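Structure assessment
Read off the chains here:
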Amino acid sequence: MASVAMSTTCPSLQELREELNQTLARPPADAGIVPIMTDAWGGTNGSDGAASSIAFERWLVPSEAAGSSQSNVPVLIALPSTRDQQVPLVFVNHGTTRCKSDTKVVSALSRYAERGWVALSFDSRYHGERHPEFADVIDAHFENAGAGGGTKGGNEKVADGADAVGGEATGFPLTLSEQQWGDMPANVRLAPYYSALITSWRSQPSVERESPFIYDSAWDASRVLDAVLSENMHGSLIDPARIGTTGISLGGMISWFSAASDTRFSVAAPAIGVQGFQYALDENVWQARVATLSGLFDAALQDAQPNDATDGKKDLDSDLVGQVWDAVVPRIRTDFDAPSSLALIAPRPLLIVNGEIDPRNPINGVESAVNVAKTTWSTVAGVDGTEGAESWEVELMSASGVAHEVTPEMW
C-alpha cells in the first residue's frame, strides 16, 4: 500500500486517508511478479502532428493477485528525447468508453514529453486492453517472459499509421487489442464493466468485492506509480517530488482519489470529474451522472421491483441511487465525498476544472465541496496564523457556458 505520510500533524485527516487506503485495497499481487515491457518505439508524431524525437513504451504492471482479467495494468509511457536528469512525471487518466491510446490522451502524453517530462496513461478497469476478451493476450506476455522468451507477447502493434482510438489519424501504432476495442460499439465495450458493477452492487462487502468505478483504478494508479519509480522501470529518471495526476471525467475522478489516497502525487488537476455525490442527491441533480452508468442502475431498479405487482412499480429515486453508491463505491457520499476527501490533497496544489453548466458535476456542488475542504484544511492546519502552518493552493476553474466537455483552454 502506498505511503500515507502527511505534512500536517492532524490525526483526523491522516486517519481518514488510512481508512480510504484500506477501502481501496485489493488483494496484492505476488511480490515476485515484476513489470514487463511489451513494446518500445520512437519517432512518433508529436502533439502537433509533426515529426518528434520522443519515445513510447508499453508495459504491463501487476496490480493485484493473479486470477482476474484485471490483475495486470497495461501502461503507455511517453519519454522525452533527453534523459540526463530527473524530470517530472504526469499521469493522464482517460474517461469512460476511452482507453490509454485515445487521441486526446496520446496528444497530452506527447505534449508533456515534448516539454522534457515523462507522461503515462493506463487502461482503467474493464477498458481498453483490460476488456476480458483480451485477457489471454496479456497472460501470453507474462508466459513468454517467464519462459525466457523476452518481453514480447502475442499482442503486436498494427501497422504504423493506424488511427489512435478516438477517430483521428495520428500515425500512432495501436495494438490489435486496442484496434478491436476502438471498433467495438459502445455497448459492447462497456458490457463487462457494467457486469462487474452489477456484481459489486449485488455482492456482500468483502476484500474480494470489486469497485471498478473509481476506487479500483485509484488503487491501480498507486501500483503503477510503485512500478515506474522502481529500478525495473524509470525510477532514476523521475523526480519523486514532481509527480502530477490529471484526467478527464472518470479520469478526473481517478485523479482526485489517487491524490487523496497517495501523497506521492505532489499536484492534481482533475477535469470534469469532481462532484458532491450527496449534494446531487439532496438537490435532485443526480440524473445525468446516473445516466453514464445506465447498465448498473437499470439492474438496480429491476432488483428493487416488488415481488407483488399490486404494490406498484418502483421508480429510480435518490434513495435507491444512494444505496447503489453505498454498495459500489463505499462511503462515497459520506466520509469520502468531495467535501471531505478533497481536504486530503492539501497542502499539495489542486486545480479543479469544470464546466459552468456541466449536468454531471453541478458547479454549485463542486464550489460547495471546495469551500468545505478549504475550511477543513484551514481549521486543522491553522492557516489562520498558527506558527508553521502551511497554506493550500487550490483553485476551481469554471468554464463559462461549457457542459460536460473539455475545451482546449481547460486541459
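The structure under discussion appears in the preceding block.
A brief look at the structure comes next. All values reported here derive from a predicted model rather than from experimental measurement.

1. A few points about the pairing of strand S8 (residues 350-355)
Along S8, 5 of the 6 residues are buried, which leaves the element largely enclosed by surrounding structure. When strand S7 (residues 267-271) meets S8, the two strands line up parallel, connected through 2 bridges. If you follow Ala271 over to S8, its bridge partner there is Val353. In terms of strand pairing, S8 meets strand S9 (residues 394-399) through 6 bridges, oriented parallel. Paired with Asn354 across the two strands is Ser398, which belongs to S9.

2. Notes on the layout of surface pockets
What the second largest pocket holds in volume is close to 350 Å³. In terms of lining, the second largest pocket is formed by 18 residues, of which the most central are Tyr112, Val267, Ala268, Ala269 and Leu351.

3. Things to note about the sheet that holds S9
Spatially, the 9 strands line up as an open sheet ordered S1-S2-S3-S5-S4-S6-S7-S8-S9, and their pairing is mixed. Each edge of the sheet is formed by a strand with only one pairing partner; in this case those strands are strand S1 (36-42) and S9. Put simply, the sheet's adjacent strands are angled 15 degrees from each other on average, direction ignored. Taken together, the 3 bridges between strand S4 (residues 87-93) and strand S5 (residues 118-122) define a ladder with parallel strand orientation. Note that in S5 the partner of Phe91 across the bridge is Leu120. The sheet contacts of helix H13 (residues 363-381) involve S8 and S9, and relative to S9 the element is tilted by about 170 degrees.

4. Some points on the packing of helix H6 (residues 215-228) against helix H7 (residues 250-261)
Running from N to C, H6 and H7 point in directions that differ by 60 degrees, and their axes come no closer than 9 Å. Taken as axis vectors, H6 and H7 run oblique relative to one another. Taken as a pair, H6 and H7 cross one another with a handedness that is right-handed. Here Tyr215, Ser217, Ala218 and Ala221 of H6 come into contact with H7, specifically with Ile254, Phe257 and Ser258. Residues belonging to the contact of H6 with H7 are distributed by class as follows: 5 nonpolar, 2 polar and no charged.

5. A word on unusual backbone geometry
Between Ala346 and the following residue, Pro347, the backbone shows a cis peptide bond with an omega angle of 5 degrees. By secondary structure assignment, the location of Pro347 is in the loop between helix H12 (338-341) and S8. A positive phi angle, near 40 degrees, is found at Ile272, a position not held by glycine. The topology assignment puts Ile272 in the loop between S7 and helix H8 (277-282).

What counts as what
- Residues numbered from 1 in each chain as written.
- Predicted model: local features only at pLDDT ≥ 70, side-chain atom pairs only at ≥ 80, totals over all residues.
- Heavy atoms only, no water.
- Buried < 20%, exposed > 50% of the residue type's maximum accessible area, 1.4 Å probe, protein only.
- Helix = DSSP H or I, 4+ residues; strand = E, 2+ residues; numbered from the N terminus.
- Pairing = 2+ DSSP bridges.
- 1 Å grid on protein atoms, 1.4 Å probe; cavity = no way out; pocket = protein on both sides within 12 Å on 5 of 7 lines; lining within 4 Å.
- Points joined across faces, edges and corners; volume = space filled by probe spheres on them.
- Axes fitted to C-alpha atoms, helices over the stretch in contact; angles between N-to-C directions.
- Contact = heavy atoms within 4.5 Å.
- Parallel < 35°, antiparallel > 145°, perpendicular 65-115°, else oblique.
- Left-handed = near helix turned anticlockwise from the far one by under 90°.
- Nonpolar A, V, L, I, M, F, W, Y, C, P; charged D, E, K, R; others polar.

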